[in-house]
Amino acid sequence: MSRLARRALLALAATGLAAAPVAAQQYPARPITMIVPFAAGGPTDTVARLAAEAMGRDLGQTIVVENAGGAGGTIGAQRVAQARPDGYTLLLHHIGMSTAPTLYRRLAYDPVGGFETVGLVTEVPMTLVARKDFPANTLAEAIAVIRRDKEKLNYANAGIGAASHLCGLLLMKAVDTPMTTVPFRGTAPAMQELLAGRVDLLCDQTTNTTEQINSGAVKVFSVTTPQRLSPLPNVPTSAEGGLPEFQITVWHGLYAPKGTPAAVTQRLSQALQVALRDPKLVARFAELGTAPVAQEMATPDAHRRFWQADTAKWRPIIQAAGQYAD
Ligand code: ASP
């Protein structure tokens, strides 16, 4: 080898690039951090912890879930976009990845180009719930109360671009009545406030509301899907309640920082597919009103295509509403 070639190789090794294929083969050699951009105990956190545990078993390493909530999920997403692209920092995020690029015009990270996709995880229905003593028992009655008491009512959400925010926008548009919104770092704290009766309404994923609904701790008015859900057999759909346009489901995906080697995202996608077949995960998802995506959707390419199409779907809707986060 010429001196020049050796020097070039040494310089490359110093940047860490030459070591990448070897590192990918040994990956993962230490615990992985999975960032959830919402508070602990909420619906995104629940999905992440179930996936992290099952993926960790396949990878032979612990995946530690860390909550970095705030600003509709953009604080946690920024942390991952700016992390080392070595496969040791991941992001489990939801539909907010499609809305943030249009809603937030001044982000300190690239909300599209800043990430590699690993795979889709699940798509979760939402439910409209209220504090236990809310003076309505059906969706039609709830709409009448919203219209009558709009000045007094509070709608809790997890910040602009969060699923709870989007669901609230759909509701307010469908009933043509704006309400005061109260943002939290996630819908786990929003649910605590609802249970304490300090906020009135919340629309949240079934991964956070099913048990509260079934125990009678909150009132429920509808599920935002065309069909009723098996863990919530008595809860009518929005269409049954008279608001067919009040429909939304929340997809979740796994991401790595831009530049993470393809061998690493492929290995993670493989582990994700194994996790999504895990009987414990499948059973828990079912109890919470959801199911894993089909195996072929838990791949980097399928995830990227889905994300791009969904981002393109939301852009004109947000632009037409003209309401931005900044
Ligand atoms: N469900 C929340 C949302 O509104 C996020 C969360 O706390 O997981 O997007």
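Just so we're clear, the structure is a prediction, and the values are computed from it rather than from any experiment.

Each value, and the rule that gives it
- The residue count restarts for each chain, going from 1 along the sequence in the order it is written.
- In view of the model being predicted, local features appear only for residues whose pLDDT reaches at least 70, and side-chain atom pairs are presented and counted only at 80 or more, with totals across whole chains, interfaces and linings using the full set of residues.
- With hydrogens and water excluded, all non-hydrogen atoms of the structure serve as input to the side-chain values.
- What counts as a helix is a DSSP run of H or I of at least four residues, what counts as a strand is a run of E of at least two, and both are numbered from the N terminus.
- Radius of gyration means the value over C-alpha atoms here, while the globule rule gives 2.2 Å times the residue count to the 0.38 power.
- To be clear on the numbers: accessible area is Shrake-Rupley with a 1.4 Å probe, and residue cover counts the displayed protein chains and nothing else.
- All the domain ranges listed were derived from an automatic or database domain assignment.
- Contacts are residue-level and defined by heavy atoms, with any inter-residue pair within 4.5 Å sufficient.
- Two parts placed together each lose some accessible area under a 1.4 Å probe, and the buried area is that loss summed for both.
- One side-chain nitrogen of Lys or Arg within 4 Å of one carboxyl oxygen of Asp or Glu is enough to make a salt bridge.
- The buried label applies to any residue whose accessible area, calculated with a 1.4 Å probe on protein chains only, is under 20% of its type's maximum; exposed applies above 50%, and partly exposed to all values in between.
- Two cysteine sulfurs form a disulfide in these notes if their separation is within 2.5 Å.
- Nearness is defined per residue: one heavy atom within 4 Å of the molecule or strand is enough.
- Counting of polar contacts relies on pairs of N or O atoms within 3.5 Å, with two restrictions inside protein: one atom must be capable of donating a hydrogen and the other of accepting it, and residues adjacent in sequence are counted only when both atoms are side-chain atoms.
- The pairing test for Phe, Tyr and Trp rings, Trp by its six-membered ring, is centres within 6.5 Å, and the orientation test on the planes gives stacked under 30 degrees, edge-to-face over 60, and tilted for anything in between.
- Put simply, a charge is over a ring when the Lys NZ or the Arg CZ is close to the ring centre, within 6 Å, and near the line of the ring normal, within 35 degrees.
- For this analysis, a nonpolar core means a set of buried residues of the types Ala, Val, Leu, Ile, Met, Phe, Trp, Tyr and Cys, connected via side-chain atoms within 4.5 Å.

**Q** Which parts of the structure should I look at to understand the overall build of the protein?
**A** Per the secondary structure count, the protein includes 12 helices and 9 strands. A compact globule built from 326 residues should have a C-alpha radius of gyration of about 20 Å, and the protein, at 21 Å, falls within 12% of that. Projected onto the principal axes, the alpha-carbon positions of the protein cover approximately 80 × 40 × 30 Å. If you sum the accessible surface of the protein, you get close to 14100 Å²; carbon and sulfur atoms cover 54% of it.

**Q** Even after reading the chapter, I still don't get the domain arrangement of the protein, so can you show me in this structure?
**A** Under the domain assignment used here, the protein contains domain 1 (30-124 + 250-321) and domain 2 (125-223). Just the C-alpha atoms count here: the centres of domain 1 and domain 2 sit 25 Å apart. Between domain 1 and domain 2, the contact holds 30 residues from the first and 21 residues from the second. At the boundary of domain 1 with domain 2, total buried surface from both sides reaches about 1800 Å², with 65% on carbon and sulfur atoms. The three residues of domain 1 that bury the most area against domain 2 are Pro43, Val124 and Leu288, which together make up 30% of that side's buried surface.

**Q** Got a minute to help me understand the pattern of salt bridges in this structure?
**A** Two side chains with opposite charge may pair up if their charged atoms get near one another. Enumeration according to the criterion identifies 20 salt bridges in this entry. The residue Arg148 makes a salt bridge to Asp149 at a minimum N-O spacing of 3.0 Å. Overall, the relative accessible area of 11% leaves Asp149 in the buried class. With a closest N to O distance of 2.9 Å, Glu193 and Arg198 form a salt bridge. Residues participating in the shared-partner salt-bridge network are Glu53, Arg57, Asp278 and Lys280.

**Q** Sorry if this is basic, but what is going on with the state of the cysteines here?
**A** Chemically, a disulfide is nothing more than a covalent bond linking the sulfur atoms of two cysteines. Applying the stated criterion across every chain yields a total of 1 disulfide. Residue Cys167 pairs covalently with Cys203 via a disulfide, S to S 2.0 Å. Residues Cys167 and Cys203 share a disulfide whose torsion about the S-S bond is about 55°; that sign makes it right-handed. Of this pair, Cys167 sits in helix 7 (residues 163-175) while Cys203 sits in strand 7 (residues 201-205), placing them 36 residues apart in sequence.

**Q** Sorry, what's going on with the site of the ligand here?
**A** Contacts to the ligand come from Phe38, Pro43, Thr44, His94, Ala158, Ala162, Ala163, Ser164, Gly186, Thr187, Asp204 and Gln205. At 2.8 Å, a backbone N or O of Ala163 approaches an oxygen atom of the ligand. In this structure, an oxygen atom belonging to the ligand sits 2.4 Å away from a side-chain N or O atom of Ser164. Within the complex, 100% of the 270 Å² of free accessible area of the ligand lies under protein. Elements represented by at least two residues in the shell around the ligand include exactly helix 3 (43-59), helix 7 and strand 7. Mapped onto the domain boundaries, the shell around the ligand takes at least three residues apiece from domain 1 (30-124 + 250-321) and domain 2 (125-223).

**Q** Explanation requested: the side chain of Thr44 in the structure shown.
**A** Topologically, Thr44 is positioned in helix 3. The buried category is assigned to Thr44, whose relative accessible area is 3%. The residues contacting Thr44, other than those within four sequence positions of it, are Val36, Phe38, Leu92, His94, Gln205 and His252.

**Q** It is not clear to me how the packing of aromatic side chains should be interpreted in this structure. Could you clarify?
**A** Across all of its chains, the model carries 7 aromatic pairs by this definition. Ring geometry for Trp251 against Phe306: centres 5.1 Å apart, planes inclined by 80°, an arrangement best described as edge-to-face. Here Phe306 lies in helix 12 (residues 300-321) and Trp251 lies in strand 9 (residues 249-257), a separation of 55 residues in the sequence. Classification of Trp251 by relative accessible area gives buried; the value is 3%. The exposure class of Phe306 is partly exposed, given its relative accessible area of 27%. An angle of 75° between the planes, with centres 5.2 Å apart, marks the rings of Tyr255 and Trp307 as edge-to-face. Here Tyr255, found in strand 9, pairs with Trp307, found in helix 12; they are 52 residues apart in sequence, far enough to count as distant. Residues Tyr255 and Trp307 agree in their burial class; the two are buried. Feature note: the residues Tyr109, Phe115, Tyr255 and Trp307 constitute an aromatic cluster, connected by ring pairs. Across the ring face of Tyr88, the terminal group of Arg30 is positioned such that the distance to the ring centre comes to 3.8 Å. Residue placement shows Arg105 over the ring face of Tyr324; its charged tip is 3.7 Å from the ring centre.

**Q** Help me out: how do you make sense of the nonpolar core in this one?
**A** The nonpolar side chains of a soluble globular protein tend to be buried, and buried together. Ranked by internal contacts, the top residues of the largest apolar core, which has 79 residues, are Met34, Met55, Phe115, Phe134, Leu201, Phe221 and Leu268. The residue makeup of this core includes at least three contributed by each of domain 1 (30-124 + 250-321) and domain 2 (125-223). Ignoring sequence-local partners within four residues, the contact set of Met55 consists of Met34, Ile63, Leu254, Leu268, Ala271, Leu272 and Ala275. With 15 residues, the next largest nonpolar core counts Ala156, Phe184, Val199 and Leu232 among its residues.

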